[in-house]
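Chain by chain, the residues:
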Amino acid sequence: MNGQVVIVGAGPAGVRAAEALVKAGVLPVVIDEGRRSGGQIYRRQPDHFKRSYDTLYGSEAHRAAAVHRAFDALLPHIDYRPETLVWNVAEGHVWATRAGETEAIPYDRLIVCSGATDRLAPVPGWQLAGCYSLGGSQVALKAQACSIGGAVVFMGTGPLLYLVASQYVKAGANVVAVLDTSPFAGRVKALPKLAEQPDLLWQGMKLTLALKRAGVTVLSGMTPAEITGDPETGVSGVTIRTASGTLRHFECDAVAMGWHLRPETQIADLARASFAFDKATRQWLPEIDGDGRAHVPGLYLAGDGAKVLGARSAEVTGELAALAALADMGVAVDKDRCRHLRAERVRYVRFAQGLAEAFPWPHQFVADTADSTVVCRCEGVTAATLRASVSEAYATETNRAKAFSRVGMGRCQGRYCGNASAEIVAALRGEPVECAGRLRGQAPVKPIPVGTARTDV
Amino acid sequence: MTGRFRRLDETDRAPVRLTVDGSDITALTGDTLMVAMLANGHALRSAEFGPERRAGFCLMGACQDCWVRDADGNAFRACSTEVAEGLAISTQPLTADWAVAP
Ligand SMILES: Cc1cc2nc3c(=O)[nH]c(=O)nc-3n(C[C@H](O)[C@H](O)[C@H](O)COP(=O)(O)OP(=O)(O)OC[C@H]3O[C@@H](n4cnc5c(N)ncnc54)[C@H](O)[C@@H]3O)c2cc1C
Ligand code: FES
């Protein structure tokens with residue numbers, strides 16, 4: 001019956017997957033790039049830091065503590081590889097590298113729990129020093145007890161925008177404004193779906209109120225115009241157009257920006273998962289069944305790396321994927337537990353639909369990106385160069401456009417320009433965004449040292 | 001000197017000394033190299049493809065905007081490397097060889 005199970009990612013999804021396997025007597029290899037387990041939301045602070053769970057995780061403190069405890073209890077039973085990057089998957093092996101040494105680890109079943117990163121829209125000036133991804137601004141606070149600047153503007157959309165801004169206020173940082181591209185009316189319309197998680201909905205409303213009470217300007221339905229600043233000294237302010245059409249400028253030395261999240265799908269892609277276009281989020285997602293099975297036998301996907309459903313759902317889908325793997329290995333699993341988890345997942349999917357409606361990706365704003373705006377931060381490639389790959393070199397989709405313009409080829413490998421590139425290419429060709437395709441995952445998924453030696457041969 | 005980042009808490013950690021472009025800076029044990037540099041300065045490096053200075057972007061090892069080098073040419077991803085006593089970092093322009101030997 002047995003076989004090697006490898007889990008990529010030790011966030012809430014990976015932790016609960018590992019736990020379900022260990023309970024059934026199957027001892028997995030768990031690989032995570034991070035120094036410490038916990039993933040993004042339940043990221044642990046380094047040694048020497050003393051803030052309490054309440055300070056770090058707020059209303060989710062008990063969940064964070066439970067996930068950390070669960071993982072710590074698994075340590076004697078699993079083969080845990082921290083600070084190890086999985087950079088390729090091929091022929092039944094994951095290629096993992098740690099401290100300059102690479103190993104090909106064989107697997108019979110692979111559970112990918114790779115999480116998400118921020119989804120970004122290009123704004124003129126976002127290449128300036130002092131612009132950070134929204135998630136990055138939260139990492140500065142959670143992992144290092146720092147603010148990204150002395151006066152911070154939060155710009156983008158999604159629940160995380162309000163959450164991180166209020167975490168900054170609470171920690172004593174100077175938050176200038178929270179600027180949301182989503183119109184307020186959309187949030188009201190999405191209320192029935194958001195009511196699927198009443199405490200999260202209530203929390204969101206409380207956060208906005210607290211921000212306003214703290215004197216932070218909060219605007220909905222705005223359009224970013226420019227991040228102002230100087231190449232040498234970085235960001236000096238943000239100019240936006242309000243919902244009523246007037247220009248407003250906010251002075252600041254840092255901007256945290258993000259438009260919700262995008263799943264990290266490169267590992268699933270290299271493991272040959274199939275993808276389907278998701279209309280609600282305008283993203284390509286790996287195809288899985290209700291338990292997390294991909295179309296490739298032995299491959300399972302869970303957590304935000306499969307579909308962004310949030311941390312609570314990640315615990316559910318992580319366990320479900322592990323139970324699916326166990327069932328496929330011929331191990332008897334608790335059918336009632338599976339039914340319960342599936343029902344939970346359905347509720348999270350509905351809530352996520354509500355969020356996508358309440359905080360939509362501003363695709364028209366992205367499609368209209370000015371020619372002079374940098375689309376690729378890595379290599380300073382402008383929208384004009386990207387458009388020329390379509391109009392002059394006849395690229396019909398993003399991978400061709402990438403080959404001609406280098407948008408998507410830089411050091412972030414398309415993580416921060418891929419969504420925008422597809423919108424710009426599709427709009428210019430007058431086609432729906434799905435016709436622009438998706439940037440294919442390529443090994444190595446992140447740069448690795450060339451001198452890397454193999455240790456498994 | 002005030003840097004780009006502001007420390008809000010956890011400031012009672014032991015000091016760590018390093019140099020950036022030859023100047024001494026003091027960081028705290030457990031700082032990432034990025035926080036050490038940006039609590040004391042404004043940038044990590046210069047962009048290879050534009051005029052601007054860069055100070056990282058994602059802080060989670062995804063964007064690769066924060067690679068810096070020490071005097072011996074060793075490269076570090078500043079957001080995911082813990083600071084160490086005696087490091088000597090250069091923020092001066094790199095050649096565009098990140099893909100070959102970061
Ligand atoms: C920066 C950030 C901040 C967030 N903050 C919040 C928040 O405050 N509140 C909230 O409700 N939600 C937040 N979210 C969403 C939340 O992270 C997720 O809902 C939840 O963490 C998903 O859990 P997961 O297990 O799917 O993935 P994650 O928790 O992201 O864990 C994925 C893990 O996989 C590892 N990994 C990925 N790829 C590889 C690889 N190739 N090799 C090795 N390891 C790999 C990562 O190091 C990571 O530890 C945040 C997301 C991000 C990106
Ligand atoms: S800041 Fe993005 S990888 Fe370090």
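One numbering rule holds for all chains: residues counted from 1, following each sequence as written. Chains and ligands are labelled sequentially in the order written, the chains with letters from A and the ligands with numbers from 1. Local features in a predicted model are, by the rule used here, given only for residues with pLDDT of at least 70; side-chain atom pairs are given and counted only at 80 or more, and totals for whole chains, interfaces and linings are based on all residues. Each side-chain value is worked out from all heavy atoms of the structure, with water and hydrogens disregarded.

Some remarks on the side chain of Thr239 of chain A
Residue and element names in this part refer to chain A.
For step 1, the next point in the chain: Positionally, Thr239 belongs in strand β15 (residues 234-241).
For step 2, the next point in the chain: Summary of the burial criterion: residues with accessible area below 20% of their type's maximum are buried, those above 50% are exposed, and those between are partly exposed, where the area comes from a 1.4 Å probe applied to protein chains only. Judged by its relative accessible area of 15%, Thr239 falls in the buried class.
For step 3, the next point in the chain: By definition, residues are in contact when any of their heavy atoms lie within 4.5 Å. Not counting residues up to four positions away in its chain, the partners in contact with Thr239 are Pro224, Ala225, Glu226, Thr228, Leu247, Arg248 and His249. Helix numbering and strand numbering both begin at the N terminus, where a helix is a DSSP run of H or I of at least 4 residues and a strand a DSSP run of E of at least 2.

Remarks on the sheet that holds strand β6 (residues 67-70) of chain B
All names here are of chain B.
For step 1, the next point in the chain: A pair of strands counts as paired when DSSP detects no fewer than two bridges linking them. Strands sit in the order β3-β2-β8-β6-β7 across an open sheet of five strands; the sheet is mixed. Whereas interior strands pair on both sides, the edge strands pair on one side only; in this sheet they are β3 (23-28) and β7 (75-77). The mean angle between the axes of side-by-side strands here comes to 40°, regardless of whether they run parallel or antiparallel.
For step 2, the next point in the chain: Here strand β2 (residues 15-20) runs beside strand β8 (residues 88-90); their pairing, made up of two bridges, is parallel. When the bridges of β8 are listed, Val20 appears paired with Ile89. Between N-to-C directions, angles span 0 to 180 degrees; the directions come from axes that are lines fitted to C-alpha atoms, helices contributing only their stretch in contact.

Notes on the packing of aromatic side chains
Residues and elements named next belong to chain A.
For step 1, the next point in the chain: Pairing of aromatic rings covers Phe, Tyr and Trp, the last through its six-membered ring, and needs centres within 6.5 Å; plane angles under 30 degrees mean stacked, over 60 mean edge-to-face, and all others mean tilted. A complete count under the given rule lists 10 aromatic pairs over all chains for this structure.
For step 2, the next point in the chain: Taken together, a centroid distance of 5.4 Å and an interplanar angle of 50° make the contact between Tyr53 and Tyr57 tilted. Linking Tyr53 with Tyr57, this pair stays in helix α2 (residues 53-57), spanning four residues, or about one helical turn.
For step 3, the next point in the chain: Assessed through its relative accessible area of 36%, Tyr53 is described here as partly exposed.
For step 4, the next point in the chain: By relative accessible area, which is 8% here, Tyr57 ends up buried.
For step 5, the next point in the chain: Ring centres of Phe277 and Trp284 lie 5.6 Å apart, and the angle between their planes is 65°; on these two criteria the pair is classed as edge-to-face.
For step 6, the next point in the chain: Taken together, the ring pairs connect Tyr42, Tyr53 and Tyr57 into an aromatic cluster.
For step 7, the next point in the chain: Here the basic side chain of Arg377 rests over the ring of Trp126, its NZ or CZ set 5.9 Å away from the ring centre.
For step 8, the next point in the chain: When the ring centre of Phe275 is taken as origin, the NZ or CZ atom of Arg438, which lies over that ring, is 3.7 Å away. Either the NZ atom of lysine or the CZ atom of arginine qualifies as a charge over a ring when it sits within 6 Å of the ring centre and within 35 degrees of the ring normal.

Examining the domain arrangement of chain A
Residues and elements named next belong to chain A.
For step 1, the next point in the chain: Residue ranges for the domains trace back to a domain assignment, done automatically or taken from a database. Domain boundaries assigned for chain A yield domain 1 (5-117 + 262-355), domain 2 (120-259) and domain 3 (363-436).
For step 2, the next point in the chain: Taken together, the contacts link nine residues of domain 1 with seven residues of domain 3.
For step 3, the next point in the chain: Taken together, the two surfaces of domain 1 and domain 3 that pack against each other cover about 760 Å², and 47% of this comes from carbon and sulfur.
For step 4, the next point in the chain: Summed over both partners, the accessible surface that disappears when two parts come together, traced with a 1.4 Å probe, is what is meant by buried area. Of all residues in domain 1, Arg262, Phe277 and Arg282 give up the largest surface area on contact with domain 3, accounting jointly for 58% of the area buried on that side.
For step 5, the next point in the chain: Here a salt bridge means any side-chain nitrogen of Lys or Arg lying within 4 Å of a carboxyl oxygen belonging to Asp or Glu. Counting across the interface, domain 1 meets domain 3 through two salt bridges.
For step 6, the next point in the chain: We note a salt bridge from Glu264 to Arg415, for which the minimum N-O separation is 3.1 Å.
For step 7, the next point in the chain: Under the rule applied, a polar contact is a pair of N or O atoms within 3.5 Å (in protein, one hydrogen donor and one hydrogen acceptor; residues adjacent in sequence only if both atoms are side-chain atoms). Where domain 1 meets domain 3, there are three residue pairs in polar contact (both at pLDDT 80 or more).
For step 8, the next point in the chain: Of the residues contributing to the side of domain 1 that touches domain 3, the split by class is two nonpolar, three polar and four charged. Under the convention adopted here, Pro, Cys and the residues Ala, Val, Leu, Ile, Met, Phe, Trp and Tyr are nonpolar, Asp, Glu, Lys and Arg are charged, and Gly plus all remaining residues are polar.

Examining the nonpolar core
For step 1, the next point in the chain: Of all hydrophobic cores here, the largest spans 54 residues; its most connected members are Ile148, Phe154, Tyr168 and Val178 of chain A together with Phe5, Leu33 and Met34 of chain B.
For step 2, the next point in the chain: Element by element, the count of residues in this core is highest for helix α1 (residues 33-38) of chain B, at six residues.
For step 3, the next point in the chain: In this structure, Trp126, Met155, Cys252 and Val381 of chain A belong to the second largest nonpolar core, which totals 51 residues. Among buried residues, the Ala, Val, Leu, Ile, Met, Phe, Trp, Tyr and Cys ones that are joined through side-chain atoms within 4.5 Å form a nonpolar core.

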